[in-house]
Amino acid sequence: MPIRIPLSAPDITEAEIAAVTAVLRTPRLSLGDELVEFESALAQFVGAEHCAAVSSGTAALHLALLATGIQPGDEVIVPSFTFVAVANAVRYVGAIPVFADIDPATLNLAPASVEAAITPRTRALIAVHTFGVPAPMSDLLEIARRHELKLIEDACESLGGEHHGRKLGSLGHAGVFGFYPNKQITTGEGGALVTSDPEIARRARMLRNQGRRATGDWFEHEEIGYNYRISEINCALGIAQLRRIDEILAKRANAAQKYFANLQNNSNLHLPPMQIAHGTISWFVYVVRLAERFRAQDRDRVTAELLSRGIACGRYFAPIHRQRAYRDAPHRCMDLQVTESVAARTLALPFFNQISSEQVDEVCSALRDALL
Ligand SMILES: Cc1ncc(COP(=O)(O)O)c(C=O)c1O
């Protein structure tokens, strides 16, 4: 059965097409005005002083760890219930991911598990704002301050979300964003690091561009860097998308509201919170959880049934510590009871700006049938 209702879809208007086309009519396809404008628009939107746009969210995470000084053998506390890039970036710098457990209500890091994970080797903590729901930043910032840890916010899923009125990504030592096509805004592929620390910003900019200084010669390299540059074409797309951010966030909140209205009285499901006391959610995906009595096999059967009706859905997330890639990779696990229990029963439903009420109704009725 071909997919009729996709899991995600980018929202590209004529404005984006015109912006990209305009760049293609110039000779400048990298390191030009679009990069400067995209970075300053993002920094302003997030409320951070500096922004370095890069080729992916994963690259931004890698640079955040390098620029905050994380070294081989250091321990970095991360959730296991997240996208694999979070732990991979820790491994890229030779550090050890320590997987902490999550809060069952928000699916974000549980501060008590983070605190319990700290050892004399702990140097940093990556707070992921899972599915766009703000992590408990007051507690996490306090833990980081008390133990002198670097706090990196992974805001890849949460552009536009807020914690007590401050935009996510602006609260830690560095914040990272990703602009893959399923994100709130897309650049095709792309990412960004934001910070208010000029030294972190300087190092991130240098390392993304083969270790070159901003004002130096093209063939002079201060450090072993990377090619994590993002092209002018991607940046032009990002600028045009960011101009529409309010409209985009409102459409996504509206789609979430439609799902909530349709599914709220179903005792087979836990729905994501529509509101959170300490901030504002930026809707990334709509992930429901089957009730406790269901098992992973039930979730997989439901997924297959929706797929057989042409409705895409996803297993968000398969815990990182269970991945084959981590079988032999150095890491440490706290008690991950909530992670294990939740990850067996989560299911992401089709979620994108243009999803219609009819499509939401069709998904919900297929889901109800599959749960009978
Ligand atoms: C929490 C989180 N971190 C990092 C990434 C990596 O971003 P990218 O795919 O742009 O490398 C993603 C993207 O899917 C993500 O959801």
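Residues numbered from 1 in each chain as written. Predicted model: local features only at pLDDT ≥ 70, side-chain atom pairs only at ≥ 80, totals over all residues. Heavy atoms only, no water.

Caption draft 1: Examining the environment of Gly-57 more closely. Topologically, Gly-57 is positioned in helix 3 (residues 57–67). Residues Gly-57 and Phe-179, 122 residues apart in the sequence, show an inter-C-alpha distance of 7.0 Å. If sequence neighbours within four positions are ignored, Gly-57 has contacts with Cys-156, Phe-177, Gly-178, Gly-190 and Gly-191. (Helix = DSSP H or I, 4+ residues; strand = E, 2+ residues; numbered from the N terminus. Contact = heavy atoms within 4.5 Å.)

Caption draft 2: The arrangement of helix 1 (residues 14–24) in detail. For helix 1, the complete set of buried residues consists of Glu-16, Val-20 and Val-23. Taken around the axis of helix 1, the buried residues stretch over an arc of 55 degrees, which confines them to a single face. Buried residues along helix 1 sit against helix 2 (33–46) and helix 8 (232–243). (Buried < 20%, exposed > 50% of the residue type's maximum accessible area, 1.4 Å probe, protein only. Arc of directions from axis to C-beta.)

Caption draft 3: Spatial organisation of the sheet that holds strand 8 (residues 174–178). Judged by pairing direction, the sheet is mixed, and its eight strands sit side by side in the order 1-9-8-5-4-2-3-13 without closing on themselves. At either end of the open sheet lies a strand with only one pairing partner, and these are strand 1 (50–54) and strand 13 (332–333). Where strand 2 (residues 75–79) and strand 3 (residues 96–100) come together, five bridges link them in parallel fashion. Counted as the bridge partner of Ile-77 is Val-98 from strand 3. (Pairing = 2+ DSSP bridges.)

Caption draft 4: Spotlight on the sheet that holds strand 7 (residues 166–167). Taken in spatial order, the three strands make up an open sheet running 7-6-11, and their pairing is antiparallel. A strand with exactly one partner marks an edge of an open sheet, and here the two such strands are strand 7 and strand 11 (279–280). Alignment of strand 6 (residues 162–163) against strand 7, held across two bridges, turns out to be antiparallel. In the sheet register, Glu-162 faces strand 7, and the bridge partner there is Lys-167.

Caption draft 5: Local environment of the site of the ligand. As a structural note, the neighbourhood of the ligand is formed by 14 residues, with Gly-57, Thr-58, Asp-154, Glu-157 and Lys-183 the closest of them. Backbone polar atom of Gly-57 to an oxygen atom of the ligand: 2.8 Å apart, as the coordinates give it. The side chain of Thr-58 places a nitrogen or oxygen atom 2.5 Å from an oxygen atom of the ligand. Protein burial of the ligand: of its 380 Å² of free accessible surface, 91% is covered by the chains. Judged by its atoms lying within 2 Å of the grid points, the ligand is housed in the largest pocket. Elements that contribute at least two residues to the shell around the ligand include exactly helix 3 and helix 4 (85–92). Taken together, the residues of the shell around the ligand break down into six nonpolar, five polar and three charged. (Near = heavy atom within 4 Å. Polar contact = N/O pair within 3.5 Å; in protein donor to acceptor, adjacent residues only side chain to side chain. Areas by Shrake-Rupley, 256 points an atom, 1.4 Å probe, with all protein chains shown as cover. 1 Å grid on protein atoms, 1.4 Å probe; cavity = no way out; pocket = protein on both sides within 12 Å on 5 of 7 lines; lining within 4 Å. Sits in = over half its atoms within 2 Å of the grid points. Nonpolar A, V, L, I, M, F, W, Y, C, P; charged D, E, K, R; others polar.)

Caption draft 6: Structural view of the side chain of Thr-187. Structurally, Thr-187 can be placed in the loop between strand 8 and strand 9 (191–195). By relative accessible area, Thr-187 is classed as buried at 1%. In terms of polar contacts, Thr-187 uses its side chain to reach the backbone amide nitrogen of Gly-190, at 3.4 Å. Setting aside anything within four residues of it in sequence, one finds Thr-187 in contact with Phe-38, Phe-179, Ile-230, Asn-234, Leu-237 and Gly-238.

Caption draft 7: Highlighting the packing of helix 1 against helix 8. Between helix 1 and helix 8, the shortest axis-to-axis distance is 8 Å and the interhelical angle comes to 150 degrees. As judged from the angle between their axes, helix 1 and helix 8 are roughly antiparallel. In the crossing of helix 1 with helix 8, the sense of the turn from one axis to the other is right-handed. Between helix 1, through Ala-15, Glu-16, Ala-19, Val-20, Val-23 and Leu-24, and helix 8, the contact on the second element is made entirely by Glu-232, Ile-233, Ala-236, Leu-237, Ala-240 and Gln-241. (Axes fitted to C-alpha atoms, helices over the stretch in contact; angles between N-to-C directions. Parallel < 35°, antiparallel > 145°, perpendicular 65-115°, else oblique. Left-handed = near helix turned anticlockwise from the far one by under 90°.)

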